[in-house]
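So the chains spell out like this:
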Amino acid sequence: MLNSRSYFFILNSKKTITNLLKLQLRKIAIQPMDEIKFDNLALRTLPIDPVEENYVRTVSGACFSKVKPTPVKNPKLVACSLDALKLIDIDEKLAKNERQLAEVFSGNVLLPGMDPAAHCYCGHQFGYFSGQLGDGATMYLGEVINKKNERWELQFKGAGKTPFSRTADGRKVLRSSIREFLCSEAIFYLGIPTTRAGTCVTSDDYVIRDIFYDGNPKRERCTIITRIAQSFIRFGSFEIFKTIDPMTSRKGPSVGRIDILTTLLNYVISTFYPEIEEKHKSNDEDRYAAFFEEIVKRTASLVAHWQCVGWCHGVLNTDNMSIIGVTIDYGPYGFMDRYDPDFICNGSDDSGRYSYKQQPTICKWNCGKLAEALAPLLPIAKSRSILNKFDDEFERVYINKMRQKFGLIQKQLETDKDLFETFFNTMQETGADFTNSFRALSLIHLPNTKDFEQSIRLFISTILDQCCDAEEWKFLNKSSVDERTFGLLQQLAGTNRSLLSQFGFSPELLENESIKREKAKELEKMTNESKRKDDEKAWRTFLAMYIDRLKKEIDGDVEKLNVERVRIMKQNNPRMVLRNYLAQRAIDQAEKDDYSEVRTLLEELKHPYDGSDQDTIQLPKPDETTTGAEALPPTTDTSQKHATGACLKPTIYESKAPSNASRIRVT
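For the structure given in this document, a descriptive report is provided here. None of the values given here were measured: they were computed from a predicted structure.

**Brief notes about unusual backbone geometry**
If you check the backbone angles, S249 has positive phi at about 60° while not being a glycine. If you trace the backbone, S249 turns up in the loop between strand 10 (218-229) and helix 7 (258-272). The class of S249 is exposed, set by a relative accessible area of 57%. Positioned with a positive phi, D329 is a non-glycine residue whose angle comes to about 65°. Along the chain, D329 turns up in the loop between strand 11 (311-312) and strand 12 (334-335).

Structure representation (structure tokens):
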């Protein structure tokens, strides 16, 4: 008969054996991934923090600190992008093993060669130098050399604390992770340079988040995404050497370490700009100048492409600007629904610093801050001269892209800019959908083609359906500031304009509010019938201008030219984008353990330019007034078309957004 000591010995032995078996099975499960080849050049080249303990601290004299991912309970694969995973030699067969992907890409199991580390960087946030920031929720895993001999850096986001986590927990949640996962891939398939997202893995661990900072926290699942890029080094990586900032009194953690600055800059150029390294290897200053000019031009081109698809980043701080000129760090981003040059996608951006129309200016400003960071190695006078090329490059890329979007493929006329401006003004005046209005242009055939008159009628009916109706237009033009507060702000602006920023306003925003209030008064008596009549008049005015320009394109076989023109337009005007309400619908289902919509939406986003064009949406009767994490204020609008529930049940991905989609807030 067993005594108590023998019983506990056997019991503990069983537990030990079980755990060993589980560990061995886990090792066997990941063996097919063991062939992935890692070559961690960044860690071999750049200085590493000698402190190995993982606690929050200032990291001086180093670009990386070694860390380990924090394991999660019961990791589950939400979705994966096979196209992205192929970059690191994970094929269809490996990707079918969802359990294996979840274990590896949650951080629970590290592959041979992975060497996790957190990157140290600083940043100017909302215009002010914030000192040390760093990878507070992300971590470098290593660099894969794939079978094509390409180098790709792997990174976790949401895998736990690092020395740069400050007061946070190093975790990301399902809501924000799905948004980043989907948009990383959506931007790639739109043909815009970007980091990629390989996997999205959630778990049964939870953290508390107060989404809108309004005292209403909720439990959310810890979720990890795997990001892939040539490099995640950013402008802010070069700001760790910054001297004391006169406005914030903060400085970089490695101030004065010109030796590390030189090593970092040489590493970036030799690794990611080899043609510049080869051409200017005998002259340091020329090499640095050529690099700076290239990143200025890449950044200008990047933001030009954002503008052309109506996409806002939301947080264009210097620490969110890639040193290789790709889109990086997807947070409170947003694609415009109705065209609005003052569109702000980030609910926390009270001053509108990162609004749609401000993006080119801010990106150039950020390039200027990079120039300041490089000043010890590249004279500031020289870099500022190079910076002046930003505007020319932006305009070149932007205008060329616009000509393709408008189907102007034969001639380049100076008056084309006036045509583009008229189109944008008409969209704004009528509250038209940005994406679908551009797509509708391809309905218009060249004059003298057999279907020209019919195409004009089709365009008019289609474009009018893309304009918002009277009720939505009144809502969009409604001031968000009550009468009393507005009066106080006006008084403040008249006495001390500098204090406006402390209330989240600027003189420009206050002026916009004033214009909006006047507009709201004008719209009080508007009906759907009167608005549609006004909209048609506005669009026919644009149409006359557009047809006149198209006549100048005609040369040779007009039918053949028209086919080619429409083909180019459809390759440059997407039929669908990742609208906030589509992402939110996928999030809502995922939070109920149903990941099907995330995966379906990803498949749709892979083909943004292909497929048939649908311009209407059939909406079921709504039965919800909120969408979970991204809450929508209750609506008194009882019409089926504008009810909030419409945001939850789209049946056609390329349809214009339901009116209540504008109530979705992302911070």
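**Considering helix 15 (residues 452-465)**
The end-to-end C-alpha distance of helix 15 is 20 Å, a good match for the 20 Å that 14 residues give at a rise of 1.5 Å each. Turning to helix 15, its buried residues number three or more, namely F452, S455, I456, F459, I460, T462, I463 and L464. Tucked inside the fold, the buried residues of helix 15 contact helix 14 (434-440) and helix 19 (528-551).

**Some points on the layout of surface pockets**
Roughly 1800 Å³ of volume is contained in the largest pocket. If you trace the largest pocket, you find 44 residues lining it, with D340, D342, I344, L476 and K516 closest to the centre. Within the residue set of the lining of the largest pocket, elements represented by two or more residues are helix 13 (416-430), helix 16 (470-476) and helix 18 (507-522). Looking at the lining of the largest pocket element by element, the count peaks at six residues for helix 18. Approximately 1400 Å³ is the volume found for the second largest pocket. Taken together, 45 residues form the lining of the second largest pocket, with A137, K157, K172, Y213 and G331 sitting closest to its centre. When residues of the lining of the second largest pocket are assigned to their parent elements, the largest contribution, five residues, is made by helix 6 (residues 174-189).

Cut-offs applied
- Residues numbered from 1 in each chain as written.
- Predicted model: local features only at pLDDT ≥ 70, side-chain atom pairs only at ≥ 80, totals over all residues.
- Heavy atoms only, no water.
- Helix = DSSP H or I, 4+ residues; strand = E, 2+ residues; numbered from the N terminus.
- Buried < 20%, exposed > 50% of the residue type's maximum accessible area, 1.4 Å probe, protein only.
- Expected span 1.5 Å × (residues − 1).
- Contact = heavy atoms within 4.5 Å.
- 1 Å grid on protein atoms, 1.4 Å probe; cavity = no way out; pocket = protein on both sides within 12 Å on 5 of 7 lines; lining within 4 Å.
- Points joined across faces, edges and corners; volume = space filled by probe spheres on them.

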